[in-house]
Every structure is written in C-alpha cells, then in structure tokens.
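Notes for the structure review
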Amino acid sequence: MYPTVALVGRPNVGKSTLFNKLTRSRDALVADVPGLTRDRRYASCELLDHAITLIDTGGLFGEHILAKALTQQTQLAVAEADIVVLLLDGREGITTADHDVVTYLRRENVSYIPVINKIDGVNADQINAEFARFGFDNPLLISASHSRGIHALEEALIAALETQGLLGEQTPLEELPGVRVAVIGRPNVGKSTLVNRLIGEERQVVFDMPGTTKDAIDIPFQRDGVDYVMIDTAGVRRKGKVDEVTEKFSIVKALQAMQRAHVVILVIDANEGVVEQDLHVLQYALDAGAAMVVAINKWDGLSEDQRDRVKKTVDRRLAFVPWVPTYRISALHGTGVGHLFGIVNEVYAAGEFDVSTSMLTRLVRNLVEVHPAPSIRGRQIKVKVATRAGKHPPRIVVHGNQLDSLPASYRRYLENGFREALNLVGNPVKIELRDAQNPFAGKKNKLTSRQKARRGRAIKHRKSK
C-alpha cells in the first residue's frame, strides 16, 4: 500500500492543476471555475522514484451550492491521508475560507505542508508578508501551471513521508487492477447514487441537481474477493443543450470512460422511460465497443400501470440490442442493486473470449451452411476461416474470398450467430473481414526467348493476312 497525500484548500486555488502536474497526466478536469472538482479523485504516481497515492479534493468551506457536500468529501480525504498539501492562492492573498481551512487542519492535528500557488508576477517578499500571519515555517512557493517549484515540493513531500517512516521498499507503479465498470447515462438519473450503493459508502457527491458530477472518477474497491474499478461519469446531454465549456470537457471524459471500461452500466430513469438521449448514450457506448448492462432506476416509485407502460417502452425501444441484459433497480433503497454484480461478472467473463481458432472456424462454416452467403456478379462469396483477434469486446477475423462485397445484413447475421453460439451476453461482437490475396496479382508472366519468337511469328502472320 502506497503512502497517501491529499491536496486540500479552498475552491479555485489550483489543486487539480497541481494534481495533473504531479501525476503527469490530464486526468483531473481543470478550468477557471470555482467548485469544478466535486468528488475525491485518486491516482498513483511517482515522486523522486517513490510511489504514492495522490488525492484531489473539492474546495473546503467555499461558497457553493454543494459546499457542505464538498467539504464532507474533503474531510474524508484528510482523514485518510498520511500527509496533506495545504494549497493557498498567492495572487488573491488570504481569504476567510483560507482561515477556516487552516483552523480545521490545526484542530484535527493533521500533518500538512503549506504551499502557496500562483506566484507568477507577484513579489516573493510580498507573498511571505501576506501569509506570515499564519505563522508557517518557510512555506513553499510554486506555480503549478508553469511547473515552478514542483521539484522542491516533491522533495519536501518525500522528506516528510520519510520522517514519518512511511516510505518502505520502493515498489513499481502499477495500473489499478480489476474489472473496470463505468456508470453512464443522462444527468440526474441516479448514477452517483448507484455508485455509492454498489461500493457501500458515500463516496460520490449526491445532490438533486442535474450536473452534480463534473468529472469521470475512478474508484477502486473489492467485493467477494474480486477487484473492481468503478467509474462514475458526468451526465451526457444533447449537444444543443451543452453550453458550458466545462460541461463539454465532462462529456469528453465520460466518452473516454466508456472506451476504458470493460462493462458499462447504462442508467435510465424509470419515471421518464427510454428517451432519445438514452439511445444516443447507448450508441456512444456501442461505438466505443463496451459491453453493456441497462439498469432502469427509480423503479420502486412506479405504480403497476406505470411499470407495465415502461416495460413495453423498454422492449420496443431497445429491440435493436436484444443481447443487452436489463435490470429494474432502486439505487436509493438498494432494491435489485445486488444482482448487478452477478451480471457484470458474467458479461466480463464472456468478454474475455478465450476461444480456439478451430472452434470459430467450425462455427462460421456451420453458419454459412445454414444460411449461405449471397452471390455477387455470378460468383459465390466464400467464407473459409475465422480466428480470434481480441477481447473486450470480442473481435473475430473472418477470412475468405470477395468479402468486401458481403452485405451488411449478412455481417449482422454472423455477429448474432457468434454471440448466440458462444453465449457472449451483453457483449458487442466486432467482425473484421479479410479477403484472400492473389499471389499472382500485379505480376506479369515473363516469356522465354522461344515464346517471344513464336509470338512474333504469329503477329507477323496476322498482319500478312
């Protein structure tokens, strides 16, 4: 287990910018907007060849409609951290919120390193004089956006962790292990509530306001001996409804989460049924090649007549993806949520797609025998061999002749045939067609001297006639 460092401060002091700089990534959403970070974001990174776990947090004690929820999330991160980086804004100076943050850390007896950010264009003596009232012992001056003072901060963090005896043997940095499960859907359908219910703690900020979640947050946890990484995403709205720049980046993060996930849980609001935007989000997941489970949330609040109506709507509008399992749940009360892990594991196991070439070839030949491929310009399309090309999603390469002319309907027939025969529940099947190459294509047959002489005599004879 790596030592844990939390970045803490009031809103808009540059915590997410510093998080990206230390992790050498662009994982955290960054914009000049207070309160953009709302949930705890974890990442493993290396500082001076030592692996640590870094936590990005929302602003403490800020003026925001979600201030209470954000403060609660940050306090959980502080309680979890071995050491805290207290970030202050050198350009704006000390505010009331800064006083509240420092008072809180001192009251909780937290080990912290004071860091003053945004020092570009500001006199160092002026900064030191401004923050002298806190009584800090040599606070670090940095500019996270321009990488000034970052090395000194890394040295200070490693020294503090060594003093506490938290740096043992150096272990290589590893990717988060486990089944990656992304929870996606429109805004305010209950995605964060479902994530909290699945992992068994109030890990994500939940508020009755569309757009509460702004970023895609990876949450590693374990259940029944199985490692998972739950990815909570921002709600995806129609393009015409997206006006904020930050929301555009949030949607990009959600789309990237679909590409990274092994399994996607699409959450639908039972009160509204399957609307057009739900189908758009589902199509985004299909384009990303993600395996899928549909969870119809807020089911317990419906009457019998409403339930019958929603069932018919779901069956009709999701008829084009009959292979996607559908579950009716209540994320708030936990009804039906426990069954999701079983189907997620089943869908993930199917996506591993450990199948031999001989089985795939035998299967594709059986499919062609039952329903032969059509003829093109009087010539029969031949499907010969199928091989495994990848997993998550299952990928199959089909070899044959004239496959470029294979109709889309026959391609779908092969996809459905493979999925049904191999029980690839919840998984899209990607088929790649490869035509057999003619070894003599583009090559001229060179004539011998005797053949050239015979050809010349034949030409001369035709001309004489």
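Let us look at the structure shown here. All figures in this text were calculated on a predicted structure; none of them were measured in a lab.

Here is what the cut-offs are and how they apply
- Along each chain, residues carry numbers from 1 onward, in the same order as the chain's sequence is written.
- Reporting of local features is limited, given that this is a predicted model, to residues whose pLDDT is at least 70; pairs of side-chain atoms are given and counted only at 80 or more, and all residues count toward the totals for whole chains, interfaces and linings.
- Side-chain numbers here rest on the full set of heavy atoms in the structure, without hydrogens or water.
- Any two strands with at least two DSSP-identified bridges between them are counted as paired.
- Numbered from the N terminus, helices here are DSSP runs of H or I no shorter than four residues, and strands are runs of E no shorter than two.
- Structural elements are reduced to axes, namely lines fitted to C-alpha atoms, with helices fitted over the stretch in contact, and the angle between N-to-C directions of any two is expressed from 0 to 180 degrees.
- To estimate how far a helix should reach, multiply one less than its number of residues by 1.5 Å.
- Ring pairs are drawn from Phe, Tyr and Trp, using the six-membered ring of Trp, whenever the two centres fall within 6.5 Å, and their geometry is named by plane angle: stacked under 30 degrees, edge-to-face over 60, tilted for the rest.
- In this scheme, a residue with accessible area under 20% of its type's maximum is buried, one over 50% is exposed, and one in between is partly exposed, where area comes from a 1.4 Å probe on protein chains only.
- Whether a charge sits over a ring depends on NZ of Lys or CZ of Arg being within 6 Å of the ring centre and within 35 degrees of the ring normal.
- An angle counts as roughly parallel when it lies under 35 degrees, as roughly antiparallel when it exceeds 145, as roughly perpendicular when it falls between 65 and 115, and as oblique in every other case.
- A clockwise turn of the near helix away from the far one marks a right-handed crossing, whereas an anticlockwise turn of less than a right angle marks a left-handed crossing.
- Residue contacts are counted whenever heavy atoms from the two residues lie within 4.5 Å of one another.
- Asp, Glu, Lys and Arg are counted as charged, while Ala, Val, Leu, Ile, Met, Phe, Trp, Tyr, Cys and Pro are counted as nonpolar; the rest, among them Gly, fall into the polar class.
- Working definition of a nonpolar core: buried Ala, Val, Leu, Ile, Met, Phe, Trp, Tyr and Cys residues. They are joined through side-chain atoms within 4.5 Å.

**A word on the sheet that holds strand 11 (residues 291–297)**
Taken in spatial order, the 6 strands line up as 8-9-7-10-11-12 in an open sheet, and their pairing is mixed. Unpaired on one side and paired on the other, strand 8 (217–223) and strand 12 (326–328) mark the two borders of the sheet. Averaged over neighbouring strand pairs, the angle between their axes works out to 25 degrees when direction is ignored. Alignment of strand 10 (residues 263–269) against strand 11, held across 7 bridges, turns out to be parallel. Considered in strand 11, the bridge of I265 is made with V293.

**Some details on helix 8 (residues 276–288)**
The terminal C-alpha atoms of helix 8 lie 19 Å apart, and with 13 residues this matches the ideal 18 Å at 1.5 Å per residue to within 8%. Backbone geometry just downstream of helix 8 places G289 in the positive-phi region, at approximately 80 degrees.

**Comments concerning the packing of aromatic side chains**
Under the counting rule described, the total for this entry stands at 6 aromatic pairs. Considering the side-chain rings of F134 and F136, the 5.3 Å spacing of their centres and the 35 degrees angle between planes classify their relative orientation as tilted. An angle of 50 degrees between the planes, with centres 5.3 Å apart, marks the rings of Y410 and Y413 as tilted. Within this pair, Y410 and its partner Y413 are both found in helix 12 (residues 408–422), separated by 3 residues, close to a single helical turn. Of the residues examined, Y413 reaches a relative accessible area of 23% and is grouped as partly exposed. The rings of Y112, F134 and F136 are connected pair by pair, giving a single aromatic cluster. Over the aromatic face of W299 sits the side chain of R328, whose NZ or CZ is 5.2 Å from the ring centroid.

**Details of the sheet that holds strand 2 (residues 41–47)**
Pairing between the strands of a sheet is mediated by backbone hydrogen bonds and can be parallel or antiparallel. Across the sheet, 6 strands lie side by side as 2-3-1-4-5-6; this open sheet has mixed pairing. Pairing within the sheet leaves two strands with one partner each, and these edge strands are strand 2 and strand 6 (140–141). Sheet topology places strand 1 (residues 4–8) next to strand 4 (residues 83–89); 4 bridges connect them, and they run parallel. Within strand 4, the position partnered with L7 by the bridge is V85.

**What about the packing of helix 11 (residues 357–370) against helix 12?**
Running from amino to carboxyl end, helix 11 crosses helix 12 at an angle of 125 degrees, the nearest separation of the two axes being 10 Å. The orientation of helix 11 with respect to helix 12, classified from their angle, is oblique. The hand of the helix 11/helix 12 crossing is right-handed. Taking contact as the criterion, the partners of M359, L360, L363, V364, L367, V368 and V370 in helix 11 are, on helix 12, Y410, Y413, L414, G417, F418, A421 and L422. Of the residues in the contact of helix 11 with helix 12, the class split is 13 nonpolar, 1 polar and no charged.

**Things to note about the nonpolar core**
Counting residues in hydrophobic clusters, the biggest one holds 53 residues, and the most contacted among them are L194, M230 and F418. Top element by residues in this core is helix 10 (residues 338–352). It accounts for 6 residues. If near-sequence neighbours (up to four positions away) are discounted, F418 is found in contact with L360, L363, V364, L367, A386, I396, L424 and I431. In this structure, L266, V274, V294 and V310 belong to the second largest nonpolar core, which totals 32 residues.

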